[in-house]
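Chain by chain, the residues:
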Amino acid sequence: MADRASWSQAQEIAVYHPGQKVEIKHRPGVVDTVIAYDPMMVPPIVLASDPQPRYPEELTLVDRPAKMFDWLNPWARNQIGSSLAMTQQ
């Protein structure tokens, strides 16, 4: 059982890493940022704007939007072209 508990804790540490955006379930629409996961603290997750540490069950992970490339933006095309030219030199 101890191995299962430590595996679960390792998974939580990986998921609730600093910089991860989360939503507090009992306050829909409130997005905060994880600043620390401290396994020695109960609850273990410390948020940037919330003074109360949280349990994973109280939070919902917020996906970060994928970085989109705007092919119609001439500036973006020029940046890609110039970075390709620099790597080929």
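Residues numbered from 1 in each chain as written. Predicted model: local features only at pLDDT ≥ 70, side-chain atom pairs only at ≥ 80, totals over all residues. Heavy atoms only, no water.

Chemist: In this structure, what is going on with the overall build of the protein? I would like to understand it.
Modeler: Counting its regular elements, the protein contains 2 helices and 4 strands. Helices (α) and strands (β) of the protein occur, in sequence order from the N terminus, as α-β-β-β-β-α. Within the protein, the proportion of its 89 residues that are buried is 20%. Considering only contacts in the protein between residues 6 or more positions apart, those separated by 24 or more positions represent 38%. With the model as given, the accessible surface of the protein reaches about 6,800 Å², and the carbon-plus-sulfur share is 61%. (Helix = DSSP H or I, 4+ residues; strand = E, 2+ residues; numbered from the N terminus. Buried < 20%, exposed > 50% of the residue type's maximum accessible area, 1.4 Å probe, protein only. Contact = heavy atoms within 4.5 Å. Areas by Shrake-Rupley, 256 points an atom, 1.4 Å probe, with all protein chains shown as cover.)

Chemist: Would you take a moment to explain the nonpolar core for this structure?
Modeler: Nonpolar side chains tend to gather and get buried jointly when the protein is soluble and globular. By size, the foremost hydrophobic cluster in this structure holds 8 residues: Tyr 16, Val 22, Ile 24, Val 34, Tyr 37, Ile 45, Leu 47 and Leu 59. Counting only elements with at least two residues in this core, the list comes to strand E1 (21-24), strand E2 (31-37) and strand E3 (45-47). (Core = buried A, V, L, I, M, F, W, Y, C linked by side-chain atoms within 4.5 Å.)

Chemist: For this particular structure, what's the right way to read the side chain of Glu 12?
Modeler: Mapped onto the fold, Glu 12 is located in helix H1 (residues 2-15). An unpaired buried charge is present at Glu 12: no salt bridge exists, and Lys 25, the closest side chain of opposite charge, is 11 Å distant. When residues no more than four places from it in sequence are discounted, the contact partners of Glu 12 are Tyr 37 and Pro 56. (Lys, Arg positive; Asp, Glu negative; His and termini not counted. Salt bridge = Lys/Arg side-chain N within 4 Å of Asp/Glu carboxyl O.)

Chemist: What's the story with the side chain of Asp 50 in this structure? I'm lost.
Modeler: Mapped onto the elements of the fold, Asp 50 is located in the loop between E3 and strand E4 (59-61). Within the local environment of Asp 50, its side chain forms a polar contact with the side chain of Arg 54, the two groups lying 2.7 Å apart. Those residues in contact with Asp 50, other than ones at most four positions away along the chain, are Ile 24, Arg 27 and Asp 32. (Polar contact = N/O pair within 3.5 Å; in protein donor to acceptor, adjacent residues only side chain to side chain.)

Chemist: Any chance you could explain the pattern of salt bridges here in plain terms?
Modeler: Note on pairing: side chains with opposite charge can pair once their charged atoms come close. Inspection of every chain in the model, using the stated rule, returns 3 salt bridges. Across the pair Asp 50 and Arg 27 runs a salt bridge, and its minimum N-O distance is 3.5 Å. One end of the pair, Asp 50, is in the loop between E3 and E4; the other, Arg 27, is in the loop between E1 and E2, with 23 residues separating them in the sequence. Where Arg 54 meets Asp 50, a salt bridge forms, and the shortest distance between an N and an O atom there is 2.7 Å. The same class applies to Arg 54 as to Asp 50, namely buried. Connected through salt bridges with shared partners, the residues Arg 27, Asp 50, Arg 54 and Glu 58 form a single ionic network.

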